[in-house]
Every structure is written in structure tokens, then in C-alpha cells.
Number of protein chains: 2
Amino acid sequence: MSTPDPTTRDRILETARRLFHEQGFHATGISTILREADVHSGSLYHFFPSKDALLIGVLELYIQLLRPAVMDHAEQAATDPIERVFALLNLYRSGLEHLDFKMGCPIGNLALEVADDQPEARRLIDQNFRNWAAVVRSWLDEASDRFSPEADREQIALFVLTVMEGAMMQARAARSLVPFDASVTQLRAYFDALSFAARTNAHAHTPPASHTPEI
Amino acid sequence: MSTPDPTTRDRILETARRLFHEQGFHATGISTILREADVHSGSLYHFFPSKDALLIGVLELYIQLLRPAVMDHAEQAATDPIERVFALLNLYRSGLEHLDFKMGCPIGNLALEVADDQPEARRLIDQNFRNWAAVVRSWLDEASDRFSPEADREQIALFVLTVMEGAMMQARAARSLVPFDASVTQLRAYFDALSFAARTNAHAHTPPASHTPEI
DNA sequence: CAAGCAGTTGATTGATCATTCAATCATGTC
DNA sequence: GACATGATTGAATGATCAATCAACTGCTTG
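Every chain is numbered independently, its residues counted from 1 as its sequence is written. All chains are assigned letters beginning at A, and all ligands numbers beginning at 1, according to the order in which they are written. Reporting of local features is limited, given that this is a predicted model, to residues whose pLDDT is at least 70; pairs of side-chain atoms are given and counted only at 80 or more, and all residues count toward the totals for whole chains, interfaces and linings. With hydrogens and water stripped out, all remaining heavy atoms of the structure feed into the side-chain values.

1. Remarks on the protein's contact with DNA strand D
What counts, and what does not: Only heavy atoms are used to decide nearness, and a residue is near a molecule or strand if one of them lies within 4 Å of it. Polar contact is the term for a pair of N or O atoms within 3.5 Å; when the atoms are in protein, one must be able to donate a hydrogen and the other to accept it, and sequence-neighboring residues count only if both atoms are side-chain atoms. Put simply, DSSP H or I for four residues or longer makes a helix, DSSP E for two residues or longer makes a strand, and each gets a number counted from the N terminus. Residues were grouped as follows: Ala, Val, Leu, Ile, Met, Phe, Trp, Tyr, Cys and Pro as nonpolar; Asp, Glu, Lys and Arg as charged; and all remaining residues, including Gly, as polar.
The immediate surroundings of DNA strand D are formed by 16 residues, with T8(A), H46(A), I30(B), S41(B) and K51(B) found nearest. Of what DNA strand D places within 4 Å of the protein, 60% of the atoms are sugar or phosphate. Here a phosphate oxygen of DNA strand D sits 3.1 Å away from a polar atom, N or O, in the side chain of S31(B). Of all elements in the fold, only helix 3 (41-47) of chain A together with helix 2 (30-37) and helix 3 (41-47) of chain B reach the threshold of two or more residues within the surface near DNA strand D. If one sorts the elements of the surface near DNA strand D by residue count, helix 3 of chain A sits on top with five residues. Grouping the constituent residues of the surface near DNA strand D by class yields three nonpolar, 12 polar and one charged.

2. Notes on the relation of the copies chain B and chain A
To keep things clear, this is the line we draw: Only residues with pLDDT of at least 70 in both copies contribute their C-alpha atoms to the least-squares superposition of the copies. Only heavy atoms matter for contacts: two residues are in contact if any of them lie within 4.5 Å across the pair.
Superposing chain B onto chain A takes a rotation of 180 degrees combined with a translation of 0.0 Å along the rotation axis, leaving an RMSD of 0.0 Å. Here the copies are linked by what is in effect a two-fold axis. Across chain B, the rotation axis passes nearest the C-alpha of G166(B), at a separation of 2.1 Å. Taken as a fraction of all interface residues of chain B, those also at the interface in chain A reach 100%, which identifies the copy contact as same-surface.

3. Side note on the pattern of salt bridges
Formally: Here, a salt bridge means any Lys or Arg side-chain nitrogen found within 4 Å of an Asp or Glu carboxyl oxygen.
Tallied over the full model, the rule gives 30 salt bridges over all chains. A salt bridge links D116(A) to R175(B); its shortest N-O distance comes to 3.0 Å. Of this pair, D116(A) sits in the loop between helix 6 (106-113) and helix 7 (119-142) while R175(B) sits in the loop between helix 8 (153-174) and helix 9 (178-199), each in a different chain. Of the charged contacts in the structure, one is a salt bridge between R123(A) and E120(A), with a shortest N-O distance of 2.9 Å. Here R123(A) and its partner E120(A) are both found in helix 7, three residues apart, which amounts to about one turn of the helix. Each of D100(A), K102(A), R175(A) and D116(B) takes part in a single network of salt bridges with overlapping partners.

4. Examining the packing of helix 4 (residues 51-77) of chain B against helix 7 (residues 119-142) of chain B
Residues and elements named next belong to chain B. This is how it is decided: Axes here refer to lines fitted to C-alpha atoms; in helices the fit is confined to the stretch in contact. Angles between the N-to-C directions go from 0 to 180 degrees. What sets the label is the angle itself: under 35 degrees gives roughly parallel, over 145 gives roughly antiparallel, 65 to 115 gives roughly perpendicular, and the rest give oblique. Crossings are assigned a handedness: left-handed for a near helix turned anticlockwise from the far helix by less than a right angle, right-handed for a clockwise turn.
Here helix 4 crosses helix 7 at 15 degrees, and the two axes come no closer than 9 Å. Our classification of the angle between helix 4 and helix 7 gives roughly parallel. Crossing of helix 4 over helix 7 shows right-handed handedness. In contact with L55, I56, L59, E60, Y62, I63, L66, R67, M71, A74 and E75 of helix 4, helix 7 contributes E120, A121, L124, I125, Q127, N128, N131, W132, V135 and W139.

5. Some details on the protein's contact with DNA strand C
Taken together, 16 residues lie near DNA strand C, and I30(A), S41(A), K51(A), T8(B) and G42(B) sit nearest. The sugar and phosphate moieties of DNA strand C supply 59% of its atoms located within 4 Å of the protein. Note that a phosphate oxygen of DNA strand C is positioned 3.3 Å from one of the backbone N or O atoms of T28(A). Here a phosphate oxygen of DNA strand C sits 2.9 Å away from a polar atom, N or O, in the side chain of H46(B). Those elements giving two or more residues to the surface near DNA strand C turn out to be helix 2 (30-37) and helix 3 of chain A together with helix 3 of chain B. Residue contributions to the surface near DNA strand C peak at five residues, all from helix 3 of chain B. Taken together, the residues of the surface near DNA strand C break down into three nonpolar, 12 polar and one charged.

6. Structural notes on the interface of chain B and chain A
Going by this rule: Buried area adds together the accessible area that both of two parts lose upon being put together, with accessible area traced by a 1.4 Å probe.
Listed by partner, the interface residues are 55 residues for chain B and 55 residues for chain A. Regarding the contact of chain B and chain A, the summed buried area is about 5,200 Å², with carbon and sulfur atoms giving 63% of it. Area buried by chain B at its contact with chain A is led by L112(B), M169(B) and Q186(B), which between them contribute 13% of it. Joining chain B to chain A, the criterion identifies 14 residue pairs in polar contact (both at pLDDT 80 or more).

7. Overview of the domain arrangement of chain A
Accessible area lost upon the coming together of the parts is a frequently used measure of interface size. Residues and elements named next belong to chain A. The test is simple: Domain start and end points were adopted from an automatic or database domain assignment.
Parsing chain A into structural domains produces domain 1 (1-49) and domain 2 (66-199). The partner domain 2 presents eight residues to the six residues of domain 1 that form the contact. Note on domain 1 versus domain 2: buried area summed over both sides is about 620 Å², and carbon and sulfur give 60% of it. Three residues, H21, F25 and H26, lead the burial of domain 1 against domain 2; their summed loss comes to 75% of the area buried on that side. The tally of links between domain 1 and domain 2 comes to three residue pairs in polar contact (both at pLDDT 80 or more).

8. A short note on the side chain of R172(B)
To be explicit about the condition: Whether a residue is buried, partly exposed or exposed follows from its accessible area with a 1.4 Å probe, protein chains only, as a fraction of its type maximum: under 20%, in between, or over 50%, in that order. His is not counted, nor are the chain ends; Lys and Arg add positive charge and Asp and Glu add negative charge.
Inspection of the secondary structure assignment puts R172(B) in helix 8. Comment: no salt bridge for buried R172(B); closest opposite-charge side chain is D116(A), at 6.4 Å. With residues up to four places along the chain from it excluded, the contact list for R172(B) reads A111(A), L112(A), V114(A), R122(A), L96(B), F101(B), K102(B), M103(B), G104(B) and N109(B).

9. Considering the packing of helix 5 (residues 81-98) of chain A against helix 9 (residues 178-199) of chain A
All names here are of chain A. Direction vectors running N to C along helix 5 and helix 9 enclose 175 degrees, while the axes themselves pass 11 Å from each other. With respect to helix 9, the axis of helix 5 lies roughly antiparallel. Residues I82, E83, F86, L89, R93 and L96 of helix 5 form the contact with helix 9, whose participating residues are F180, D181, V184, L187, R188 and F191. When grouped by side-chain class, the residues that make up the contact of helix 5 with helix 9 number eight nonpolar, no polar and four charged.

Structure representation (C-alpha cells):
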């Protein structure tokens, strides 16, 4: 009912998306995609002129999936905007656990595998990252009362993405949630400190914002 | 003088290391390694029985390179242990800039590309991460006066690695230092907050260490 | 000088890679 | 029912992949 008749194109995209996530882009052969999607090569090349074009299609699919497959679940898991940030991180934590550390963030995986000779794919990976951080940013803005006016919420949103990706990478390598939980715990402590600073920002004892590099 | 006759094995390892970093593991063909190292296939397979074994050799090489090629430079760039942490991050920043965002952290790249069917490689990637974090941990311990006793310096060291890897990934995707600098700035603010909390830890107004998940 | 052996040569293997394309099928239009 | 168009079939292409191996070289040791 909800998915009455997936198009051939959709079946190719979904299979490629899954295999790129499971095995990586280079490690996934076209023949495997054809077999698992139950499609012949001519059909694939009818819709996607090359493997690179297929990757672009997958990255566009991920842009569409961000809200329904990721962010909606985080928003459902918590109502407080700050708690939504950590609910989001917890979604990725659950993914690690359930898939036995075999797969990390699909965009992160592609980000490090896709070389510079695929500029369009690189651009779409960047767009995925920007959209992800923009949702976090919107949550932070909802909780603007818990940040001091000097706190750069755009930077903090990028920082949350940084922590998620770095924590996923370490957890996969260690096949353990320890580094992931450690990173999230430290991020939580930072958020607590920011909130504390916001509550006492009229005083003189706020931590100095020194060492901020020129950008 | 300093490198007076690299052995064939060393030449293979160094070429493979460079190409894996530039292009990734799967994207690098044996034939390319052979050409650029000026070696014939039999010689390569005399030392390394398979491409996977070559990857293991490269990862062991990286373990050896950590101190002389990375950490020594960070220690030379700053004497204060906390500043060494940020000097280390600045080394990676320089790498991004210098190489036009084409290459990130070689270990991080491999961490996301190497699948679970190469358990020995995965273990060595984890070892590289652990050694990296252990050096950071040793610096944090040197500056233990700037952390409150409750601050978990082991977790913080893992957190620094998380931030480095996540920031490198985002910077590469964006082809911009903005997300990298944003992440480092936020990490610096966290360190400042930790230091501030340590200086005032006798008071009642320290941020609550709530929401720490059980591990 | 003989024997042994680590190291090297380089052609060759079969498998798999991404991609092509002429033929065929399904569907809607005039 | 003729025609056009989009979609599908599936065998075939040449390139490249990792890996093999018998022959050969140069050095060391007795």
C-alpha cells in the first residue's frame, strides 16, 4: 500500500544505496547491483549513464531521505530541542549497535572515499552535510535561551556533525560504543557548560573566549 | 645520507602508503603501485602475499610514523601541553590547506573504507587511533591542574580524536577550512570551560554532569 | 668453485570491471 | 492497425583487476 510498485529506477537506486553503504562505492560492482535489484545492465544504463551518475542519484536520494528517515525520528524521540540533538546522536548509536559496527554514516563513508575527480558527487556530499547541520542549527535556535548571545550556534551545529562523524568512525574501528559514548558525554558536558555560561553571563567569571583563530 | 638506499620492501610500502592515502585502498591498483615504486609484481608478492597483507604492512608503518611524522612536530610547535593539542590539530589543518583538500587523515580514510572482512586491518586501524589518543592523553595528564578531578581525561582524549576526524571529513567535503576552524574553536571553548570549572570547582555553581549515559 | 637461497624478472592467468548496443517488448497515439 | 517512444533484454566488449610462477640473478657460505 505505502509502496505499491517501486519503479525499476527506484529499485536500482535503493539497491545501489544499500550496497554503497554496506560495501562502499568502489567495492560495489555494477553486476552485484544488477543481481540484487533483479535488473539487466541495459536498464541501469538507460537511467544512469555511468556508475558515477548512479552515485549522484544515490546522493540525491539521501538528501530526500534526511527528514523522513532521520530527523523525523529524532524529533519524535524528544520534544526539547537540545534533547533532540542527543536523540539524533542516539539514532546513529543504535545503528552501530544493531548492525554490529559494520556500517557507519553512509554520507561520511562516501565523503572519504569519493575523490576529487567527482566534483558533482563531492558537492552533493557537502549538501547532505549542510542540510544535516541546518536541522541541528534550527533546534539550537529554538533553544536560544540556553545559549549566551556570544555563542555561535552555526559553529555549534557544525561541531555536532563533526562529533557525530568522528565518533562513528572511532566506534566502527574499535567495534565498541566506548569511544562513541565518550564523545557524546563530552559534547553533553560542553552543552551543559554553555548553558551554565548563559545563565551567568552577566557576571565577570565567564570563561574567556580567547584563542579563537581568525578565519 | 639520512635515507641511503631504501630497500625494495620499503619502496613498496612507502609507495603503497602514499597511493592509499591519495586514492584510497580499493581505488589503488597493484599495477599502479608497481609502476610508481619501479618494482615488478613478483617482488611485491615476494614480500606481501596479497593486497590485504600490503595494507597491513602500511598500517604497521603508520604506527611507526606516528611519533616522528606527527607528534614530534606538535611537541616542537608548542611547549604547553594543552597548546600541543591544538598545535596537533593545526598540523592537520595545514595538511588540508597544503594539499588543496584532496587528502584527509590517512587512517580515517582507511577506517571507513576497510570492511569487516579484514579483521587484522581493522585491528591495526584501531591501534593507530589508540596510540594517537594515548599521546593526547599524556599531554592532558601533564596539564592535569587545568582539569577538575571529575574530568575524564581519557574520554577527553578520545573526544579530541573524534573532533579531528570529523572536522577533517567536513572540511574535505566542503573544500573549505570553515567547518574545521568552527570545530576547533568550539573544542577550544570547551577546554576553556573545563579550565574555568577546575578553577572554581569548590563552588556550588559548577555545571551539573547530568545525562551521562551508562556505558 | 659449488651450492644454496633471498630477491627479481615479466609474461600470463582467469576473474571481474564498467560499459555498449542491436534486438525485443510494452504502451500509448494517430 | 501502423507508428513512435520508452523500457528491457542479455550477450559481448576491451580494460583492468589481483595473483601466479617458472626462470633467472646476485650474493653469501662452505
